[in-house]
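Secondary and tertiary structure notes
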Amino acid sequence: MEKNKKLPVAKIALCMVLLALPFLFTAVGFQYGVLVCCFAFLYIIAVSGLDIDFGYCGQISMGHAAFFAIGAYGSVMLHQYFHIPIIFTMVIATVLAAAVGAVIAYPASKLVFHFLSLATIAFGEIVYSLLLNSPKGVTGNAVGMFTDSINLLGFSLSSNESFYYFGLACTAIFLMAKWLMVNSKVGRAWVAIRENPHAAGGMGINVTKYKVMAFAVSAFYTGFAGAMYAHLVRYIGPDTFTQKQSVMFVTMMLFGGTGSILGPIVGAVLVFSITEGLRMFEQYQMLIYGALLLVVIVALPGGVYGEMKKLAGKLLQKGKGGEKSAA
Amino acid sequence: MVKRVLLEIDNLCLSFGGLKATNDVTMHMEQKKINGIIGPNGAGKTTFFNQISGVYKPDSGSIVFDGKRIDGLKPFQINEAGIARTYQVINLFKKMSVIENVMVGMHPRLKANFFDSLLHNKKQKEEEAKAREKALDLLDFVGLKEYAYAQAGALSYGQQRLLEIVRGLASDPKLILLDEPAAGMNSTEKVELNVLLRQILERGVTILIVEHDMKLMMDISDRIFVLNYGKKLAEGTPAEVQKNPEVIAAYLGGDEE
Ligand SMILES: Nc1ncnc2c1ncn2[C@@H]1O[C@H](COP(=O)(O)OP(=O)(O)OP(=O)(O)O)[C@@H](O)[C@H]1O
Ligand SMILES: [Mg+2]
């Protein structure tokens, strides 16, 4: 009970900090921090989506960079060739990513883990080579494409500060939506499929339908993150959408901890910070991800957040036990 | 009162390679009865269940449930049609809570669609609240209410068997298939199971049970079917079956067959 009363205070404090963060960064002269947060937001959205597919529904995807690409290129191309205002292009491209996700997921839902990883890697490679060798060069091939900032009701989000607040709002909406989904009949069905697909079918769950749904929702999240990326950086090229990007999403998710709201947030922020901190070793990026994954597999099987939760649970139990024995 | 056949299985056949796991089996089961299937290990009982519940598609023959042909349908469609089941090897959603397991069992009866679930609108909230309440009632029914928020995997073996049964009942089935529900239960739990099965019947749910515990089967079944090497050896009341020389031979491991 007491805890429930305390909780809103912590939440309000968190909101205030998040709202004040750009000013704090400016005050200490670390402008770059705002940009780092902008990236963190879009990675949180992408990885939270991947977690819906893997952490909740139990389907691996090693090719989510493809949806990141569809969101990014979709939005940029719709703006460039059809002159649709950017915020609408982002939405359309995101829906497109989800639709492609659904089409891919239907045959993929029949595959077991290893084959699903291979199939999603192949899908990622196909999308990548399409970006590099597009018909009539519509994607700018190796050169890539330049684009504009988001324009929200006549207000251009060209500064990192304005993008920060846009990113914060989007992250809040996507995380809220994830929470609502996983705490419903749909989320229960996803977890049931992860836990035991045979029994899930026996309980009246249309396993194929729910797997496709999870994959499409996850592609929606990652697609939107891709569109955010495009209009934050204002340039996209095929190099951003390689297998490395997919591996980064998976690393972020596993490092933070799967099947939760907070795990992917922790993972996205930590792994992105580590990668940024080790920028000078960029050519070893895959090695860094490999090392991080090894750490998770060997030392933190539940991810950083998962292990923290376990530890907190243990401490709480110890505390309770202590009280009991003291009484 | 007219006796109504709920499950009508005719000339069912299924082979695994050269092995005839189900060999021309015909069984008709009446509504609101406890029907038992017995037979030695490997007789094909679980395989038979797996065809009724849609895990395997029979090679030939037909399964008519409640007047509707169901053979060849997918497991989820058969559950929707009103047949629930439990598994010989416990198949719970181990990392979910006990109450969530039951609520997964209600899945086909919940009407909220994806967007209701995304928005948590009034319809969805009311339905979830009702479902939660019903799940607690069901858990109370089998004496698991106090464990509602424990992890399913943390329950004792006997409790997990009970949870499998309530999870099945959660979809309000007309028929429930129980595959060795007493396996691993101690004698007290078996007595409780006996009582529970009668209570399930009182709720209007027809039961089809596979079980090796003869005492329980002879006591509880209205009608018993005997399977041996994939074939139906006999059927009748428990008294009739017990006297059947072929059945006795099969159980004593007689080689004359
Ligand atoms: N998927 C399968 N592939 C091949 N053979 C199978 C398969 N499933 C079952 N069998 C075989 O079919 C026969 C019947 O098996 P089943 O599991 O139905 O027996 P059962 O009557 O349930 O036995 P028990 O009392 O031990 O549970 C056995 O010989 C078994 O080895
Ligand atoms: Mg069996």
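Residues numbered from 1 in each chain as written. Chains lettered and ligands numbered in written order. Predicted model: local features only at pLDDT ≥ 70, side-chain atom pairs only at ≥ 80, totals over all residues. Heavy atoms only, no water.

With 28 residues of chain B in contact, the opposing surface of chain A contributes 27 residues. Together, the buried faces of chain B and chain A total about 2,300 Å²; carbon and sulfur atoms form 65% of this surface. The largest contributions to the chain B side of the interface with chain A come from B:Phe76, B:His107 and B:Phe114, which together make up 26% of the buried area. At the boundary of chain B and chain A, one finds one salt bridge. A salt bridge links B:Glu128 to A:Arg188; the nearest nitrogen and oxygen atoms lie 2.9 Å apart. (Contact = heavy atoms within 4.5 Å. Buried area = accessible area lost by both parts, 1.4 Å probe. Salt bridge = Lys/Arg side-chain N within 4 Å of Asp/Glu carboxyl O.)

Once that is clear, we can look at the coordination of the magnesium ion (ligand 2). Residue and element names in this part refer to chain B. Those protein atoms acting as donors to the magnesium ion (ligand 2) are Thr46 (OG1) and Gln88 (OE1), and they sit at 1.9 to 2.1 Å. In this pair, Thr46 is assigned in helix 1 (residues 45–52) and Gln88 in the loop between strand 6 (83–85) and helix 3 (98–105), connecting sequence segments 42 residues apart. Looking at Gln88, the relative accessible area reads 31%, which means it is partly exposed. (Donors = N, O, S within 2.8 Å, 3.2 Å for Na, K, Ca; no water. Helix = DSSP H or I, 4+ residues; strand = E, 2+ residues; numbered from the N terminus. Buried < 20%, exposed > 50% of the residue type's maximum accessible area, 1.4 Å probe, protein only.)

This part covers helix 4 (residues 86–108) of chain A. Residues and elements named next belong to chain A. For helix 4, spanning 23 residues, the distance from its first C-alpha to its last is 32 Å, which sits close to the expected 33 Å at 1.5 Å a residue. Those residues of helix 4 not exposed but buried are Ile86, Ile87, Thr89, Met90, Ala93, Thr94, Ala97, Ala98, Gly101, Ala105 and Ala108. Residues of helix 4 that are buried sit in contact with helix 3 (65–82), helix 5 (113–132), strand 2 (151–152), helix 6 (160–182) and helix 9 (207–233). (Expected span 1.5 Å × (residues − 1).)

All names here are of chain B. Among the 14 residues in the neighbourhood of ligand 1, the closest are listed as Lys45, Thr46, Thr47, Gln88 and His212. Between an oxygen atom of ligand 1 and a side-chain N or O atom of Thr46, the distance comes to 2.7 Å. Between ligand 1 and Glu180, the relevant distance is 3.4 Å, taken from an oxygen atom to a side-chain nitrogen or oxygen of the residue. Surface burial for ligand 1 is 63%, taken as the share of its 630 Å² of free accessible area covered by protein chains. When contributions to the shell around ligand 1 are tallied by element, the ones reaching two or more residues are strand 2 (19–30) and helix 1. For the shell around ligand 1, the element with the most residues is helix 1, which contributes three residues. (Near = heavy atom within 4 Å. Polar contact = N/O pair within 3.5 Å; in protein donor to acceptor, adjacent residues only side chain to side chain. Areas by Shrake-Rupley, 256 points an atom, 1.4 Å probe, with all protein chains shown as cover.)

Time to look at the domain arrangement of chain A. Residues and elements named next belong to chain A. Segmentation of chain A into domains returns domain 1 (1–30) and domain 2 (33–243). Each partner contributes to the interface: domain 1 provides eight residues, whereas domain 2 provides seven residues. Summed over the shared surface of domain 1 and domain 2, the result is zero salt bridges. Along the contact surface separating domain 1 from domain 2 lie three residue pairs in polar contact (both at pLDDT 80 or more). Classifying every residue of the side of domain 1 that touches domain 2 by side-chain character gives seven nonpolar, one polar and no charged. (Domains from an automatic or database assignment. Nonpolar A, V, L, I, M, F, W, Y, C, P; charged D, E, K, R; others polar.)

Residue and element names in this part refer to chain A. On the surface, a cluster of nonpolar side chains totalling about 390 Å² of accessible area is made up of Leu111, Val112, Phe115 and Leu118. As for its position among the elements, Val112 is in the loop between helix 4 and helix 5. Of the residues examined, Val112 reaches a relative accessible area of 51% and is grouped as exposed. (Patch = residues over 30% accessible without salt bridge, like charges linked within 9 Å, V, L, I, M, F, W, Y side chains within 5 Å.)

Attention now moves to the packing of helix 2 (residues 32–56) of chain A against helix 6 of chain A. Residue and element names in this part refer to chain A. Running from N to C, helix 2 and helix 6 cross one another at 15°; their axes reach a closest spacing of 8 Å. The angle between helix 2 and helix 6 places the two elements in the roughly parallel class. In this structure, the crossing between helix 2 and helix 6 has a hand that is left-handed. (Axes fitted to C-alpha atoms, helices over the stretch in contact; angles between N-to-C directions. Parallel < 35°, antiparallel > 145°, perpendicular 65-115°, else oblique. Left-handed = near helix turned anticlockwise from the far one by under 90°.)

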